[in-house]
Amino acid sequence: MVRSKSIGEKIFHGFNITLMVLLILVSLYPLYYAVINSMNTGYAIQRGFSLFLPADFTMESWRTVLSDPSMLGALGLTALRTAIVTVASTVVTTMFAYAYSRPYLRGKRFYSGLGVVSMYFSGGVIPFFLLISTLGLYNNFWVYIIPSLFGGYYNVIIYNTNFKALPDALFESAKVDGAKEFTIYWKIVMPLSKPVLAALCVFTAVGVWNDYSTTLYYTQSPQLKTLQYCILELVQSYNAADQLTSSAMSASASISELFSQNNNAVVNAKTIELAAMVLSAIPMIIMYPFAQKYFVQGVMLGSVKG
Amino acid sequence: MARKKRTGSKGIGRDWRTQLELHGMLLPGSLMMIVFSILPLVGLLIAFKDYKPAMGFQGIFTSKFNHFENFRQIFISDQFWPMVRNTLGINLIGQVVSIFATLSFALLLNELVNQKFKSMVQTITYMPHFLSWVVFGGLCINLLSPDGGFVNTILTALHIVEEPVLFLADAKYFWGVAIVTGLLKDLGWGAILYLAAISGIDPTLYEAATIDGASRWQRIRNVTVPGIMPTIMIMVIFAVAGMLNNNFTQIYVFQNVLNMPASQVIDTYVYNVGLKQFNFGIGTAASLMKSVLAILLLFGANFVSGKLTDSSLF
């Protein structure tokens, strides 16, 4: 083992640690860059982005974002949608997975067939669009909720593996005592499955919170904009700087007013965009380490044994 | 009763009341799958028809078949070859780079001695995976901005370039931007799978290798990599199956009129030409072709992998 402390070893470890520190910086810096520049004044940014600390500190952009009615509306809508879908789809999916996991279920093949077909075959965006408009969900708040009520067969597989790992005796004694299936599911299985529930709830919530394509494909009214979609508009309109005051902005009264003034104000399109980005990232950053320890457990169990 | 006797204690739950309860619990999820996954498959019919959006739901059935006219329209369109090239180019290079980089990252992470540092690196590198593409992509656009963005500031300060590089306004950089940002976002997340596989390797194999005088590189090459080969193969199968599937949410954030020649992929074509310009038949035909090829690729890759390495999905 003397060899393991050789110069070659030291160089390797030195290189490895340096690389890891570099990756940490690469992962953290983009967000840090957004934070400092969202606290910059518009005219400071006109001269160039700050790299380490805000050149000209102000919280004006944050104040604007947090007092803009359309931005707050989008934030509220996104939060409401995320909460409803996370809770409802978790109940529908775990209920399905519980019944599916029972060894005495008859007709299981039908359900697994249905699940596999739904997982591998997809009509694509346009047939789905036709369905959404036929159901009257186009440009309707419920388009955010109803199609997402089932978490997908992949999640069923993960829950199924976890539920099957629970001791059989638990179910048998409950059945002998005459417990109803729903009672067993709700009172026994759910409380014992907190790790996988936590992990998949976080996945669902992250997916819903971060989604913008539903808004892009299936809505058009400004009241139905989600936070991510508002940010997308800011990002895209900044790219086409000459279109700043165009239709994309007109829905948001106070922000479009800012654009119509000159771009050298305390607050400009860029600082607003950065503040909105950081705002929308905050819940994700709070949430992900909380459930991190369950990820490997939840994800691995499903993908290894699934 | 005969059934109960035959199956012993497993006989519980075979009564109709329990079955009714179970099927009742399966009902909401099944209805969701039938309505939102199976029913849209009927809509694929319009790929072969002259369908106009004004025709509504019945139009799916009543519109006339047009003898593969939609497919012909796609093939003769001047967007066809660029779109195929962009889809395959971004995916092929992107997947090779990402599998190689993620695997290397996992292997190097595994060589870290300090466990606290290791878990810190992991936690921090996961983070970008949880940001939306709007936010992460938007951040990248800012960092790459020619007006004093971070990357251009550094590049000009070091005199690597004289003029700021127009990363997003110049089509020739688009593939690179898409591949590198995709890699950075999911590097940490992708490594989870490999690390879990590595932790499943029997530690006595490493001890034996060390006693035999194997160097670090030899241990990695002859113990770790063969030990996680099944996981690597599964990632390769998924990569091949996903060859035609671009990440719409990513590409769409970076796409603009100037980089369109390099950024139009099948998925954005379906949206831009199909949905946005109301060419529903053409859009559906494009996504149908894509799905059929994707399924063939999945089975093909699975078959080849099963023959070559004994690891396959099903």
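Participant: Where do I start with the overall build of chain B in this structure?
Facilitator: Scanning chain B for helices and strands turns up 16 helices and zero strands. In summary, chain B has a C-alpha radius of gyration of 26 Å against a globular reference of 20 Å for 314 residues, an excess of more than 25%. Taken along its principal axes, the extent of the C-alpha atoms in chain B is 80 × 75 × 35 Å. When the 314 residues of chain B are sorted by exposure, 49% land in the buried category. Approximately 15,400 Å² of chain B is accessible, and the part contributed by carbon and sulfur atoms is 68%.

Participant: Explanation requested: the interface of chain A and chain B in the structure shown.
Facilitator: Note: interface size is frequently given as the accessible area lost on complex formation between the parts. Taken together, the contact pairs 91 residues of chain A with 86 residues of chain B. Of the roughly 8,100 Å² buried at the junction of chain A and chain B (both faces included), carbon and sulfur atoms supply 77%. Our count for the chain A to chain B interface comes out at 18 residue pairs in polar contact (both at pLDDT 80 or more). The element best represented in the side of chain A that touches chain B is helix α1 (residues 7-38) of chain A, accounting for 18 residues.

Participant: What is the right way to read the packing of aromatic side chains from this model?
Facilitator: To describe a pair of aromatic rings, you give the distance between the ring centres and the angle between the ring planes. If you walk through the whole model with that rule in mind, you get 45 aromatic pairs over all chains. A ring pair is formed by B:Phe248 and B:Tyr271, whose centres lie 5.7 Å apart and whose planes are at 70 degrees; its orientation type is edge-to-face. You can see B:Phe248 sitting in helix α13 (residues 248-254) and its partner B:Tyr271 sitting in helix α15 (residues 266-275), a full 23 residues away along the chain. On the basis of relative accessible area, B:Phe248 is assigned to the buried category, the value being 8%. Residue class for B:Tyr271 comes out buried when judged on its relative accessible area of 7%. Considering the side-chain rings of B:Tyr252 and B:Tyr271, the 5.5 Å spacing of their centres and the 85 degrees angle between planes classify their relative orientation as edge-to-face. With a gap of 19 residues between them, B:Tyr252 in helix α13 and B:Tyr271 in helix α15 connect regions that are remote in the sequence. Judged by its relative accessible area of 7%, B:Tyr252 is buried. Its guanidinium or amino end placed over the ring of A:Phe171, A:Arg102 lies 3.8 Å from that ring's centre, counting from NZ or CZ. Above the plane of the ring of A:Tyr100 lies A:Lys108, whose end atom (NZ or CZ) is 4.9 Å from the centre.

Participant: Before we go on, may I ask you to explain the side chain of B:Thr18 in this structure?
Facilitator: By secondary structure assignment, the location of B:Thr18 is in helix α2 (residues 16-42). Side chain to side chain, B:Thr18 and B:Asp15 meet in a polar contact 2.8 Å long. Apart from the residues lying within four places of it in its own chain, the contact partners of B:Thr18 are A:Tyr104, A:Lys175, A:Glu181 and B:Gly13.

Participant: I'm lost on α2(B) in this one. Help?
Facilitator: Within an α-helix, residues lying three or four positions from one another point in the same direction, as the helix has 3.6 residues per turn. The end-to-end C-alpha separation of α2(B) is 34 Å, well short of the 39 Å expected for 27 residues at 1.5 Å each. The sharpest bend along α2(B) comes to roughly 40 degrees, located at B:Leu27, with the proline B:Pro28 sitting one to four residues further on. Every buried residue of α2(B) is accounted for by B:Thr18, B:Gln19, B:Leu22, B:Met25, B:Leu26, B:Gly29, B:Ser30, B:Met32, B:Met33, B:Phe36, B:Ser37 and B:Pro40. On the buried face of α2(B), the contacting elements are α4 (69-101), α5 (108-120), α6 (125-134), α8 (168-176) and α9 (181-192) of chain A.

Participant: Teacher, can you tell me more about the confidence of the model for chain A here?
Facilitator: Detailed reading of the predicted coordinates is not advisable wherever pLDDT is low. Residues and elements named next belong to chain A. For chain A, per-residue confidence averages 84 on the pLDDT scale, and residues scoring 70 or more make up 85% of the total. By mean pLDDT, the top-scoring element of chain A is α4 (95), and the lowest-scoring one is helix α13 (residues 247-250) (43). Every residue in residues 241-251 is under pLDDT 50, and counting partners more than four places away or in other chains gives 20 contacts. For the stretch residues 302-306, pLDDT sits under 50, and the model shows nine contacts to residues farther than four places along the chain or on other chains.

So, how was this worked out
- Residues numbered from 1 in each chain as written.
- Chains lettered and ligands numbered in written order.
- Predicted model: local features only at pLDDT ≥ 70, side-chain atom pairs only at ≥ 80, totals over all residues.
- Heavy atoms only, no water.
- Helix = DSSP H or I, 4+ residues; strand = E, 2+ residues; numbered from the N terminus.
- Rg over C-alpha atoms; globule rule 2.2 N^0.38 Å.
- Buried < 20%, exposed > 50% of the residue type's maximum accessible area, 1.4 Å probe, protein only.
- Areas by Shrake-Rupley, 256 points an atom, 1.4 Å probe, with all protein chains shown as cover.
- Contact = heavy atoms within 4.5 Å.
- Buried area = accessible area lost by both parts, 1.4 Å probe.
- Polar contact = N/O pair within 3.5 Å; in protein donor to acceptor, adjacent residues only side chain to side chain.
- Phe/Tyr/Trp six-rings, centres within 6.5 Å; stacked < 30°, edge-to-face > 60°.
- Lys NZ or Arg CZ within 6 Å of the ring centre and 35° of its normal.
- Expected span 1.5 Å × (residues − 1).
- Bend = angle between axes of the 7 residues up to and from the residue.
- pLDDT = per-residue confidence, 0-100.

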